[in-house]
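Reading the structure
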Amino acid sequence: MRFQSKSEQNDQSDASSLSSGDLQYTAQAGANSSVPTYQEASGAPVEVNSPLGYSVGWITVIFLNLSKMIGTGVFSTPSTVLKGAGSVGLALIYWVIGFFMAGSSLAVYLEFSSYFPSRSGSEVVYLEQAYPRPKYFLPTVFAMQSVLFSFSSSNAIGMYISSWVDISDRSVLAQYLFRLAEAQPTPWKLKGVAVASYTVAVLVLAFNTKWSLRFANAIGFVKLVTLIFIGITGLVVLGGHTKIEDPKANFRDAFAGSSSASVYGATNALVKVAFSYAGFENAFNVVNEVKNPVKTLRWSAPLSLLLVATLYMLANIAYLSAATKEEILGSKVIAASIFFQKVFGTSSASRALNFLICLSAFGNLLAVLIGKSRILRECGRQGVLPFTKFFTSTRPFGTPLGPYAVKWALTVLMILAPPAGDAFNFVVDLGVYPVNAFALILAIGLLLTRRHRKRHNIPPSEYKAWDVVVGFSILSNLYMVVAPWYPPTTGANGGDVNFWYATYCVVGLGIIGLCGVYYYVYIKVLPRLGGYAFRQTVLQMEDGATAHKLVKVPNEQLNAWDAEHDATGRERVKDEAISTAVDVKHEGI
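Residues numbered from 1 in each chain as written. Predicted model: local features only at pLDDT ≥ 70, side-chain atom pairs only at ≥ 80, totals over all residues. Heavy atoms only, no water.

Another point: helix α20 (residues 467–482). The terminal C-alpha atoms of α20, which comprises 16 residues, lie 23 Å apart, in line with the 22 Å expected from a rise of 1.5 Å per residue. For α20, the set of buried residues is Val-470, Ser-473, Ile-474, Ser-476, Asn-477, Met-480 and Val-481. (Helix = DSSP H or I, 4+ residues; strand = E, 2+ residues; numbered from the N terminus. Expected span 1.5 Å × (residues − 1). Buried < 20%, exposed > 50% of the residue type's maximum accessible area, 1.4 Å probe, protein only.)

Here it is in structure tokens:
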């Protein structure tokens, strides 16, 4: 048993494989890396030449992560965290804990990317390879979940808390555009602006990958400068060089009030912090568009997280230096607004802040669209979704138009359909909880992947996370799955909806379970009843895109099919004298 040579690896007509039990591993090197991708053969094939190009450098890696992490939360979440923590000191510690939680998960992603340097889609690939059996199970469940929850309505439109000016941590672009115009929106006006904003974001990305990435980088740079400005201004305030009378008041007895914090409040605060760091993994969705990805990501991805963590701390210090704890907790405007009003004291400064927040929210939309489109495309390349070409093709503009269209359609539906309030809050929470569950499965999956690779004598990768860091990642993700079940102090109906607070947890897990039922019925039960089995074949498209497609092979023809196809599903070089015609009805799932 051996892996093919470099020249053989580049021959896609018959990829060699290493077999052990029911697992078969292949090796294929992409043009973006000299390191071959060793993967279980049931996974989507490596695209040797990325049809999306190689426009992602270290600058784009930094800003893809930074722009997804920095949305509007940093301007509004600090007051929620402060309320839950009960004290200034504990709130700041939570932001540090959140950094370590994100950093441990980042290490998991870095190790996975070193195993699969020529596969985009991050957790789509990593879950596929960490759990190769039952065959197609996790790809099917994750793909279905990814499509069902691919809406981004929480980024495009917000919800009411007690009044229009009382902005929650999920405040978004439409609300701030009305603030900028100093207009009072109706619910349908708010939704209309949200649809228009999201449509513009999709159109910006739809026609050219290279220039859309550059545009996203430019907005990311403005976001970076904005937070640097707030951080530096906060230090100036703290130094006593402004009209703020006592800028150090909140820091003299920083932990006063910690004992009054409830378990639910503290848990809610830490969850909010963890969500604020979500996005550190965004660049891993475009790994196959990065030249020398392992080397590039190894330093640029941690740098983006460190930058954001530093800016978050400076922003919190700035807010706390300009306003008292009571002012931040009692105000109906976001912490950043209080800061600008206290320091600059003009309506012009407030309008400037609203403009910058609008820009930040729009940049967040772009970063999320870029990352999620690659996730959906990779789900399509696995072959377990219908309409493989629709999800995989990059024609005519060299961009993933199919995934963009799916995200646009579902997002518009979720903006227009649910009414503001409970229904909207529930749907948004419902989209978040499965992500936490899969994050836990992924962290555990790294240990399984290590074991698989060691058992098959696959060469070690260029990066390995410390065991203690992986362990911390597993525990922190477990916390994110368990914590939402803890009841609020106001009772079972005292969450952000007027019904049982954990309904979205149950429904989220239930939907994952239904995806599992779909897999079992379609992949197991129907083939058994129909007298056929699924086999994968490689679909090569005109734009250079490559994907798997599942086809139905009658049971009596399985031996002939398996003899004529390798582990990846490519046809072997045939001897016409002995080749057997196989009548296969091609039906993708």
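A word on the pattern of salt bridges. What the rule picks out here adds up to 14 salt bridges. With a closest N to O distance of 2.8 Å, Arg-252 and Asp-246 form a salt bridge. The salt bridge partner of Asp-562 is Arg-535, with a shortest N-O separation of 2.9 Å. Placement of the pair is Asp-562 in helix α22 (residues 558–564) and Arg-535 in strand β4 (residues 532–540), with a sequence separation of 27 residues. In this structure, a network of salt bridges that share partners links the residues Glu-47, Arg-119, Glu-128, Arg-377, Glu-378 and Arg-381. (Salt bridge = Lys/Arg side-chain N within 4 Å of Asp/Glu carboxyl O.)

The volume enclosed by the second largest pocket comes to roughly 270 Å³. Contributing to the lining of the second largest pocket are 17 residues, with Gln-24, Lys-135, Asp-562, Asp-566 and Ala-567 lying nearest its centre. For the lining of the second largest pocket, the elements supplying multiple residues, two or more each, are β4 and α22. Taken together, the residues that form the lining of the second largest pocket break down as 4 nonpolar, 5 polar and 8 charged. (1 Å grid on protein atoms, 1.4 Å probe; cavity = no way out; pocket = protein on both sides within 12 Å on 5 of 7 lines; lining within 4 Å. Points joined across faces, edges and corners; volume = space filled by probe spheres on them. Nonpolar A, V, L, I, M, F, W, Y, C, P; charged D, E, K, R; others polar.)

Here the structure, examined in full by the defined rule, presents 24 aromatic pairs. With a centroid separation of 6.3 Å and an interplanar angle of 25 degrees, the aromatic rings of Phe-116 and Tyr-126 are classed as stacked. Of this pair, Phe-116 sits in the loop between α4 (88–115) and α5 (123–130) while Tyr-126 sits in helix α5, placing them 10 residues apart in sequence. Assessed through its relative accessible area of 2%, Phe-116 is described here as buried. Between Phe-339 and Phe-340 the ring centres are 5.9 Å apart and the planes differ by 70 degrees, which places this aromatic pair in the edge-to-face class. Judged by relative accessible area, which is 1%, Phe-339 ranks as buried. What makes Phe-340 buried here is its relative accessible area of 6%. (Phe/Tyr/Trp six-rings, centres within 6.5 Å; stacked < 30°, edge-to-face > 60°.)

Attention shifts here to the confidence of the model for the chain. In this model, the chain carries a mean pLDDT of 82, and residues with pLDDT of at least 70 account for 84%. Taken as a whole, residues 157–171 scores under 50 in pLDDT and shows 50 contacts with residues more than four places along the chain or in a different chain. Note that pLDDT drops below 50 for residues 575–589; the model gives that stretch 32 contacts with residues more than four away or on any other chain. (pLDDT = per-residue confidence, 0-100. Contact = heavy atoms within 4.5 Å.)

This brings us to the nonpolar core. General note: in soluble globular proteins, nonpolar side chains tend to be found buried as a group. In terms of nonpolar packing, the biggest core is built from 130 residues, with Phe-75, Tyr-94, Phe-112, Tyr-126, Ile-230, Tyr-277 and Phe-284 touching the most fellow members. Per element, the largest residue contribution to this core is 15 residues, and it comes from α4. Ignoring any residue separated from it by four or fewer positions in sequence, one finds Tyr-126 in contact with Tyr-109, Phe-112, Ser-113, Phe-116, Phe-284, Val-287 and Leu-442. (Core = buried A, V, L, I, M, F, W, Y, C linked by side-chain atoms within 4.5 Å.)

So, about the pairing of strand β5 (residues 546–554). Of all 9 residues in β5, 7 are buried; the element is thus mostly enclosed. Across 9 bridges, β4 lies against β5 in antiparallel orientation. Across the sheet, residue Gln-540 finds its bridge partner in β5, namely Thr-546. The loop that links β4 with its antiparallel partner β5 comprises 5 residues; one of these, Gly-544, has a positive phi angle of about 95 degrees. (Pairing = 2+ DSSP bridges.)

Before going further, it helps to spend a moment on the environment of Asn-65. Relative to the assigned elements, Asn-65 resides in helix α2 (residues 58–69). Relative accessible area serves as the criterion here: at 0%, Asn-65 is assigned to the buried category. C-alpha separation for the pair Asn-65 and Ala-367, spaced 302 residues apart in sequence, amounts to 7.7 Å. Excluding residues within four positions of it along the chain, Asn-65 makes contact with Gly-279, Phe-280, Glu-281, Asn-282, Ala-283, Ala-301 and Ser-304. At 2.8 Å, the side chain of Asn-65 and the backbone nitrogen of Ala-283 are in polar contact. (Polar contact = N/O pair within 3.5 Å; in protein donor to acceptor, adjacent residues only side chain to side chain.)

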